[in-house]
There are 2 protein chains.
Amino acid sequence: MTPDDASSRAPIGIFDSGLGGLTVLQEIERQLPDEDTVYFGDSGRAPYGTKSHDTIVKFALQDMRFLLEHRIKALVIACNTASAHAFDEIRAEAGIPVLEVIGPGAMAAAQATRNGRIGIIGTQATVDSGVYLRAVETLTPLGVVIHQQACPLFVGLAEEGWWENDIARRVAVEYLAPLRKAGIDTLVLGCTHYPLLKKVISEAMGPSVALIDSATEVARATRSRLALAGLGEPPRVEGHTARHVFYTSDSAERFRQLGGAFLRKEIAEAHKVEIERF
Amino acid sequence: MTPDDASSRAPIGIFDSGLGGLTVLQEIERQLPDEDTVYFGDSGRAPYGTKSHDTIVKFALQDMRFLLEHRIKALVIACNTASAHAFDEIRAEAGIPVLEVIGPGAMAAAQATRNGRIGIIGTQATVDSGVYLRAVETLTPLGVVIHQQACPLFVGLAEEGWWENDIARRVAVEYLAPLRKAGIDTLVLGCTHYPLLKKVISEAMGPSVALIDSATEVARATRSRLALAGLGEPPRVEGHTARHVFYTSDSAERFRQLGGAFLRKEIAEAHKVEIERF
């Protein structure tokens, strides 16, 4: 495959149920600074992690169809819940390379563990799907033990800005006690909101447990995949600045404000989408 | 107006963003045991309390249109956020009596206060709307002081089943400290999830503060309103049992399970709706 210049200059499409995927965007910006991106955050219907399989698949396919209209060269599912439930459906319909957050996180965990005991935390829907569990299992030898734990309140804490206070600390201790007791040495942060709570999670688990951030891992995977497909960074043009455009299913102004606070930098351009039409 | 028997035998329609409105349904069942009901919970797009005005109005109108197809005789907006943002739009379109949760709660608070200091807690969207504030203001004399506080994590705690544990207690103390400091003697629970946390809220506020539960108040208002419109309880028929039907925009099975746990009784009949069509 020898893609023409036009397609390698096309943007990368990224979607999430809301703001959480901005941690993935941030990592893509850091690792692939010359790439343009189009981000869709489904804030009007967020969160996905409390919903059923069929609803998540329906929403994720609509998100994909919207981004495909922007002639993206690759699609990144920056939401663990959507990755767990809708990857097959999306890949079948997309017609372009599709990256998701679970495989890269599972791979990193399989490589990081020394004692063969791995923990995975995520939303209820992600944990219920069992997709992480199976992904790690297929990458590790027999005898590796995997423990899962749903942490529904972490998303609320992250959005409330309670990242390091006493309440966040207590919730982390409560949710993570079974994983600590299980003696894991590697913990996958299986929700894009969770890196914001890294400090209290790390405190609750102790210093010897390695935390795997799926945002970092999927950005790395995106870089390799684009290079492999000959769709990597376009030749640098003097003075070129990568363009990052944002769309949301809720108010654009609200997305600019909350997303800006989340990223801790200004979001210049956000637009509203009627996502039900897709 | 002399409605025919058919219309007084019609069901009451009730909607909420998800499960919270089941506390309202429960009160209606208790106060109006002979009335049939049709409940719609928008679990596929829940919660509403974190979303923008336009999105809440759009969703609430769709919820209403769906219920109107069931030839309901009255509509109860069992969601504080939707009541705060979409009551005018719904009333303009419904063509039947519409009840909402804010007016009755505000009235009860105005009657309950002795020291003229009233607190209101709710979702971010409810608080931002200022609708409760104005409702209480119009019902109380000059000089009454009203304090508002958004408590976003309360919904997550209620849904997690953490109703009385140490974390719920700490979150309540954290959110309610300013209201306690303000010396209020009456607190409106301005979100249908909050009655589940009544115990820790009451502990955080102290025994002298009266808690106003909007579910109780709106059920009372519904009874009066139906009587006034000649649409009250139909004549009892020997052996008649009221019928309660449930619809949801997410999985019906999931609604039966979670809703049953929420109500602590079995939900016999639940169906899925494609709410975007309305």
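Remember, it's a predicted structure, so these values are computed and weren't measured experimentally.

So, the overall build of chain A
For chain A, the helix and strand inventory stands at twelve helices and ten strands. For 278 residues, the compact-globule estimate of 2.2 N^0.38 gives 19 Å, and chain A sits close to it at 18 Å. If one aligns the C-alpha atoms of chain A with their principal axes, the spans along those axes are about 55 × 40 × 40 Å. Looking at chain A as a whole, 54% of its 278 residues qualify as buried.

A word on the interface of chain B and chain A
Each partner contributes residues to the interface: chain B has 18 residues there, and chain A has 18 residues. When residues of the side of chain B that touches chain A are traced back to their parent elements, those giving at least two are helix 3 (53–68), helix 8 (153–160) and helix 9 (166–181) of chain B. It is helix 9 of chain B that contributes the most residues to the side of chain B that touches chain A, four residues altogether. Classifying every residue of the side of chain B that touches chain A gives four nonpolar, five polar and nine charged.

Some remarks on the sheet that holds strand 8 (residues 210–213) of chain B
Residue and element names in this part refer to chain B. Strand order across the open sheet formed by four strands is 6-5-7-8, with parallel pairing between neighbours. The sheet is open, and its two borders are formed by strand 6 (145–150) and strand 8, each paired with just one other strand. On average, adjacent strands in this sheet sit at an angle of 20 degrees to one another, irrespective of strand direction. Note: strand 7 (residues 186–190) against strand 8, four bridges, orientation parallel. Within the sheet, the bridge partner assigned to Leu189 lies in strand 8 and is Asp213. Lying over the sheet, helix 11 (residues 214–228) contacts strand 7 and strand 8, oriented at roughly 55 degrees with respect to strand 8.

Quick notes on the relation of the copies chain B and chain A
Two chain copies here: they are related by a rotation about an axis and a translation along the same axis. For the match of chain B to chain A, the screw axis carries a shift of 0.0 Å, the RMSD comes to 0.0 Å, and the turn is 180 degrees. Given the turn and translation reported, the copies of this chain are related as if by a two-fold rotation axis. Considering only C-alpha atoms, the part of chain B nearest the rotation axis is Arg45(B), at 2.3 Å. In this assembly, 100% of the residues forming the interface of chain B have copies in chain A that are likewise at the interface, indicating an isologous arrangement.

What about the domain arrangement of chain A?
Residues and elements named next belong to chain A. Under the domain assignment used here, chain A contains domain 1 (5–100 + 217–277) and domain 2 (103–214). Here domain 1 and domain 2 have C-alpha centroids that lie 23 Å from each other. Residue-level contacts link 22 residues of domain 1 with 22 residues of domain 2. Of all the elements in the fold, those that place two or more residues in the side of domain 1 that touches domain 2 are helix 2 (22–31), helix 4 (80–94) and helix 11 (214–228).

Observations regarding the sheet that holds strand 3 (residues 74–77) of chain A
Residues and elements named next belong to chain A. The six strands lie next to each other as 4-3-1-2-9-10, forming an open sheet whose pairing is parallel. This sheet does not close on itself; its edge strands, each paired only once, are strand 4 (98–100) and strand 10 (270–272). Neighbour-to-neighbour, the strand axes of the sheet open up by a mean angle of 20 degrees, direction not taken into account. Sheet strands in contact with helix 11 are strand 1 (12–16), strand 3 and strand 4, and its direction is about 165 degrees off that of strand 3.

Describing the pairing of strand 9 (residues 244–248) of chain B
All names here are of chain B. Relative to strand 9, strand 2 (residues 37–41) runs parallel, the two sharing five bridges. If you follow Tyr39 over to strand 9, its bridge partner there is Phe246. By the bridge criterion, three bridges tie strand 9 to strand 10 (residues 270–272) in an arrangement that is parallel. Residue pairing for strand 10: Phe246 is matched across the bridge by Ala270. In this region the chain leaves strand 9, passes through helix 12 (residues 252–263) and returns to the parallel neighbour strand 10; the handedness of that crossover is right-handed.

Here's the deal with the packing of helix 5 (residues 102–112) of chain A against helix 11 of chain A
Residues and elements named next belong to chain A. Contact pair helix 5 / helix 11: the axes reach a minimum separation of 8 Å and the direction vectors enclose 105 degrees. One element, helix 5, and the other, helix 11, form an angle in the roughly perpendicular class. Contacts from Pro104, Gly105 and Ala108 of helix 5 reach helix 11 at Ser214, Glu217, Val218, Arg220 and Ala221. Considered class by class, the residues forming the contact of helix 5 with helix 11 number four nonpolar, two polar and two charged.

Here's the deal with the environment of Leu22(B)
Residues and elements named next belong to chain B. Secondary-structure assignment places Leu22 in helix 2 (residues 22–31). Taking the C-alpha atoms as reference, Leu22 lies 9.8 Å from Cys79; in sequence the two are 57 residues apart. Apart from the residues within four sequence positions on either side, Leu22 is in contact with Gly259, Phe262 and Leu263.

Thoughts on helix 10 (residues 198–205) of chain A
Among all positions in helix 10 of chain A, only Val200(A), Ile201(A), Ala204(A) and Met205(A) are buried. Around the axis of helix 10 of chain A, the buried residues are gathered within 130 degrees of arc, so they sit on the same side.

Section: the environment of Glu160(B)
Looking at the element boundaries, Glu160(B) is found in helix 8. Ignoring sequence-local partners within four residues, the contact set of Glu160(B) consists of Pro152(A) and Leu153(A).

Some remarks on helix 9 (residues 166–181) of chain A
Residues and elements named next belong to chain A. Counted at 1.5 Å a residue, the expected span for helix 9 with its 16 residues is 22 Å, and the 22 Å between its end C-alpha atoms agrees. Taking the largest bend as the criterion, helix 9 deviates by roughly 45 degrees, centred on Tyr175, and proline Pro178 comes between one and four positions later. Buried residues of helix 9: Ala168, Val171, Ala172, Leu176 and Leu179, and no others. Immediately downstream of helix 9, the backbone of Gly183 shows phi near 70 degrees, a positive value.

Definitions and cut-offs
Residues numbered from 1 in each chain as written. Chains lettered and ligands numbered in written order. Predicted model: local features only at pLDDT ≥ 70, side-chain atom pairs only at ≥ 80, totals over all residues. Helix = DSSP H or I, 4+ residues; strand = E, 2+ residues; numbered from the N terminus. Rg over C-alpha atoms; globule rule 2.2 N^0.38 Å. Buried ≥ 20, exposed ≤ 12 C-beta atoms within 10 Å, placed from the backbone. Contact = placed C-beta atoms within 7 Å. Nonpolar A, V, L, I, M, F, W, Y, C, P; charged D, E, K, R; others polar. Pairing = 2+ DSSP bridges. Axes fitted to C-alpha atoms, helices over the stretch in contact; angles between N-to-C directions. Least-squares fit on C-alpha atoms with pLDDT ≥ 70 in both. Domains from an automatic or database assignment. Right-handed = clockwise from strand over helix to strand, strands pointing away. Parallel < 35°, antiparallel > 145°, perpendicular 65-115°, else oblique. Arc of directions from axis to C-beta. Expected span 1.5 Å × (residues − 1). Bend = angle between axes of the 7 residues up to and from the residue.

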